[in-house]
Amino acid sequence: MAALNLRRLISPKALTGCRRSLSTTASCKAQSMTVRDSLNMAMDEEIARDPKVFLMGEEVAEYDGAYKVSKNLWRKYGNSRIKDTPITEMGYAGIAVGAAMAGLRPICEFMTFNFSMQAIDHVINSAAKTYYMSAGTVPVPIVFRGPNGAALGVAAQHSQCFAAWYSHCPGLKVVSPYSSEDCKGLLKSAIRDPNPVVCLENEIMYGVQFEMSDQALDKDFLIPIGKAKIERAGKHITLVSHSKFVGTCLDAANELAGIGVECEVINLRTIRPMDDETIFKSVMKTHHLVTVEGGWPQSGIGAEIVARVIESPAFNYLDAPIIRVTGADVPMPYAKLLEDHALPHPINVTRSVKKVLNIK
Amino acid sequence: MESAITKDDAVITAYRAHGWAYIRGISVLGVLAELTGRVSGCARGKGGSMHMYAPNFYGGNGIVGAQVPLGAGIALSFQYEKKPNVCLTLYGDGAANQGQVFEAYNIAKLWKLPAIFICENNGYGMGTSVNRSSASTDYYTRGDYIPGIWVDGMDVLAVKECTRFAKEYALQHGPVVIDCSTYRYHGHSMSDPGTSYRSRDEIQAVRENRDPITNLKNRLLTKELATEDELKNIEQDVRKHVDEAAAKAQADPELPLEELYNAIIIDPPADMRVRGCDVSILAKTTA
């Protein structure tokens, strides 16, 4: 960011003489950036890079984005690249998919993924399955993105996690970034991916700051879809999570380190295709596993991980059964105390770790 | 309709798409073999009856009404890339009441998309006559703020002219709705005899009085633009061509089993494996 501003102040003529000082004063130190800004940066860079990329959704243009994720993009690129839509998810998602079939690369925003249910036929039947149905002749290079899962005080219809639903379907890729780096790298990869990709963000994370490496600030920084990241190495137990709850795992891991338990925390980054090899390798090292997610327990991501571990060689390395930490099996309540207890906290993770490790 | 547009215009329709697939460039064999699910099918047997695609022909769509926003999206792509092309977006009287159709109308009008929405009103959505499905059967008015044209869908020349007009209009003014009045002789699908909800007399009457091919033939003969023999020869050639393709469509092989696991995603990583029905099956996959 600093480098960009500096360049604008210096005229082209002065540039040659100032080049040396430009490179020293504008040296990119690692800096911190919010998740929101990193998503903005990703879209800005990809829209600049590829004329076929455009953003459409409710309030993405003149409102700067319902959560300000697309701030300034409309001012910069105008109506041809940043399009406000009416509140008609099924219609505009279908339009986005049609545009992708015809060769454009739309980013279709859902204000939250709860509203994607109105359009889910287009995500699954029009986008995910078309490449297969056409025997590989009709690609659908679309990205569906928006906040998923936990928010604060918005109650049942606005708080559902769709990771399990979307990751169920072949033909779709599903990413669930945690940090600012994750968001930037994964969203850029999603936009460049020729397949339909669902990018599950998290509203509560939008304002959270993370350090961004020099590499992450580069305009071609990509994180490969389908590869998990080991956020913290450990030898006693493996914690696998995605999105906001990676943070919950890291907090729990810090606490547990205080009593001598070293957790290995895996940030899935991608739900489909899931990097189960990283999970298996970790379990074969630690012999214990707890999965952590915000979604409901039945048929959830944790359930999928457990099934895969049991079917894999890693099963033989388990010293204890696997336990899942999930959102409570209830529609999200409104009252603060109740809402607090509907989603996992570090205490749920530490309690589960202790149970798996059979310690008090 | 095809004669009024070019290969650079796009077409999208619902599942009754076999004629369109052929018209848009798929061979008769490509269509018939897709119905029999063989390798020589236009989607190699993986799409089937409802999912045939060709250049600038986007199917073949199984979900009633879904093709309408998709078609508006294809029209958006022409506008976006400043191409002088339109997208013919066809749907039936049954689909005409879908909410997403109106959502597509709304955005098409707001953004002035070169979309031509065509309702093929054949009188029945499956077994439900239009009077039982639609509070308003004036489908050309359903676009409300989008101008609409009613055309006799059984009159080949009227449809051609209507489409020509619509393309010219859409490129200048934005979307238009066409209400194309037609009929369905057979039942909805192979499992529907088509007589439990209408009379045989009704079907017969249309065959005798309104058949588009018969009427075009009579016109050609009356105006002496063709002789009986010329037309008979065309018919014989076509029959022969189709019979040959049909025979081949029944004799050609199916895809090899490995293809079950291919073309799920583009650029799958080399180490990606697709689960079969039990853990003993972990298939490789290609794009």
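Computed from a predicted model, the values in this text were never measured in an experiment. (Residues numbered from 1 in each chain as written. Chains lettered and ligands numbered in written order. Predicted model: local features only at pLDDT ≥ 70, side-chain atom pairs only at ≥ 80, totals over all residues. Heavy atoms only, no water.)

Colleague: So, the overall build of chain B: which residues are in play, and what are the values?
Modeller: Each helix and strand in chain B was counted, giving nine helices and nine strands. For a compact globule of 287 residues, the expected C-alpha radius of gyration is about 19 Å, and chain B comes in at 21 Å, within 12% of that figure. Across the 287 residues in chain B, those meeting the buried criterion constitute 48%. When contacts within chain B are restricted to residue pairs at least 6 apart in sequence, long-range pairs at least 24 apart make up 63% of them. For chain B, the accessible surface area stands at approximately 14400 Å², while carbon and sulfur atoms represent 55% of it. Across chain B, the 30 positively charged side chains and the 35 negatively charged ones have centroids separated by 2 Å. (Helix = DSSP H or I, 4+ residues; strand = E, 2+ residues; numbered from the N terminus. Rg over C-alpha atoms; globule rule 2.2 N^0.38 Å. Buried < 20%, exposed > 50% of the residue type's maximum accessible area, 1.4 Å probe, protein only. Contact = heavy atoms within 4.5 Å. Areas by Shrake-Rupley, 256 points an atom, 1.4 Å probe, with all protein chains shown as cover. Lys, Arg positive; Asp, Glu negative; His and termini not counted. Charge placed at Lys NZ, Arg CZ, Asp CG, Glu CD.)

Colleague: Summarise the sheet that holds strand β2 (residues 87-92) of chain B; cite the residues concerned and give the values.
Modeller: All names here are of chain B. Sheet architecture is open: five strands sit in the order β1-β2-β3-β7-β6, paired in parallel fashion. Of all strands in the sheet, those with a lone pairing partner are β1 (10-12) and β6 (148-152), marking the two edges. Going across the sheet, the axis of each strand differs from the next one's by a mean of 20°, ignoring polarity. Relative to strand β7 (residues 176-181), strand β3 (residues 115-121) runs parallel, the two sharing six bridges. Bridging from a neighbouring strand, I118 pairs with I178 of β7. Of the strands in this sheet, β2, β3, β6 and β7 touch helix α6 (residues 156-173), which is tilted by about 165° from β6. (Pairing = 2+ DSSP bridges. Axes fitted to C-alpha atoms, helices over the stretch in contact; angles between N-to-C directions.)

Colleague: Outline the interface of chain B and chain A, listing residues and values.
Modeller: Tallying the contact residues gives 35 residues for chain B and 44 residues for chain A. Counting each side, the surface lost to burial between chain B and chain A is near 3400 Å², with a carbon and sulfur contribution of 69%. Of all residues in chain B, Y53(B), Y80(B) and I266(B) bury the most surface against chain A, accounting for 20% of the area lost on that side. At the junction of chain B with chain A, the criterion picks out two salt bridges. (Buried area = accessible area lost by both parts, 1.4 Å probe. Salt bridge = Lys/Arg side-chain N within 4 Å of Asp/Glu carboxyl O.)

Colleague: Quick one: what's the story with the packing of helix α5 (residues 89-101) of chain A against helix α6 (residues 120-128) of chain A, residue by residue and with numbers?
Modeller: All names here are of chain A. The N-to-C vectors of α5 and α6 enclose an angle of 15°; their axes lie 9 Å apart at closest approach. Judged by the angle between their axes, α5 and α6 are roughly parallel. At the point where α5 passes α6, the crossing takes the right-handed sense. Contacts between α5 and α6 involve M90, A93, G94, V97 and M101 from the former and D121, H122, S126 and A127 from the latter. Split by residue class, the contact of α5 with α6 holds five nonpolar, three polar and one charged. (Parallel < 35°, antiparallel > 145°, perpendicular 65-115°, else oblique. Left-handed = near helix turned anticlockwise from the far one by under 90°. Nonpolar A, V, L, I, M, F, W, Y, C, P; charged D, E, K, R; others polar.)

Colleague: Quick one: what's the story with the state of the cysteines, residue by residue and with numbers?
Modeller: Residues and elements named next belong to chain A. If you walk through the whole model with that rule in mind, you get zero disulfides over all chains. Here C108 stays unpaired: no disulfide links it, and the sulfur of C199, its closest cysteine neighbor, is 13 Å away. Assessed through its relative accessible area of 0%, C108 is described here as buried. (Disulfide = S-S within 2.5 Å.)

Colleague: Got a sec to walk through the UniProt feature "domain: Dehydrogenase E1 component" (unreviewed entry) in chain B? Specific residues and values, please.
Modeller: Taking the numbering used here, the UniProt-annotated feature "domain: Dehydrogenase E1 component" (unreviewed entry) corresponds to residues 1-256 of chain B. Secondary structure across residues 1-256 of chain B comprises 42% helix and 12% strand; the distance between its end C-alpha atoms is 38 Å. (UniProt positions renumbered as here; feature names shortened; annotations may be inferred.)

Colleague: Describe the confidence of the model for chain B, listing the residues and the values that go with them.
Modeller: In this model, chain B carries an average pLDDT of 97, and 100% of its residues clear a pLDDT of 70 or more. The complex model carries a pTM of 0.93, and its ipTM stands at 0.96. (pLDDT = per-residue confidence, 0-100.)

Colleague: Lay out the nonpolar core with the relevant residues and their values.
Modeller: In this structure, F144(A), I279(A) and F117(B) are the most contacted members of the largest nonpolar core, which totals 81 residues. When residues no more than four places from it in sequence are discounted, the contact partners of F117(B) are V68(B), A72(B), T89(B), Y91(B), A104(B), Y105(B), A108(B), I146(B), P175(B), V176(B), V177(B) and I178(B). Among the nonpolar cores identified, the runner-up in size contains 60 residues, and V35(A), V175(A), A190(A) and V292(A) belong to it. (Core = buried A, V, L, I, M, F, W, Y, C linked by side-chain atoms within 4.5 Å.)

Colleague: Describe the domain arrangement of chain A, with residues and values.
Modeller: Residue and element names in this part refer to chain A. By domain assignment, chain A separates into domain 1 (6-18 + 227-356) and domain 2 (23-217). Placing a centre on the C-alpha atoms of domain 1 and another on those of domain 2 gives a separation of 22 Å. Listed as interface residues are 25 residues of domain 1 and, on the opposing side, 30 residues of domain 2. Across the interface of domain 1 and domain 2, roughly 2200 Å² is buried in total on both sides, 61% from carbon and sulfur atoms. In terms of surface lost to domain 2, no three residues of domain 1 exceed K244, R269 and R272, which account for 31% of the buried area on that side. Inspection of the domain 1/domain 2 interface yields one salt bridge. Per element, the largest residue contribution to the side of domain 1 that touches domain 2 is four residues, and it comes from helix α11 (residues 244-257). Counted by class, the side of domain 1 that touches domain 2 contains 12 nonpolar, eight polar and five charged residues. (Domains from an automatic or database assignment.)

Colleague: So what's going on with the packing of aromatic side chains? Which residues, and what values?
Modeller: Inspection of every chain in the model, using the stated rule, returns 15 aromatic pairs over all chains. Centroid distance F110(A) to F144(A): 5.8 Å. Interplanar angle 5°. Geometry classified as stacked. With F110(A) in the loop between β4 (105-109) and α6 and F144(A) in strand β5 (residues 143-147), this pair connects stretches of sequence that are 34 residues apart. Among the aromatic side chains, those forming a connected cluster through ring pairs are Y92(A), F110(A), F113(A), F144(A), F162(A), W165(A) and Y166(A). Over the face of the ring belonging to W111(B) we find K83(A), whose NZ or CZ atom lies 5.3 Å from the ring centre. The ring of F245(A) has K244(A) sitting right over it, with the charged end atom 5.0 Å from the ring centre. (Phe/Tyr/Trp six-rings, centres within 6.5 Å; stacked < 30°, edge-to-face > 60°. Lys NZ or Arg CZ within 6 Å of the ring centre and 35° of its normal.)

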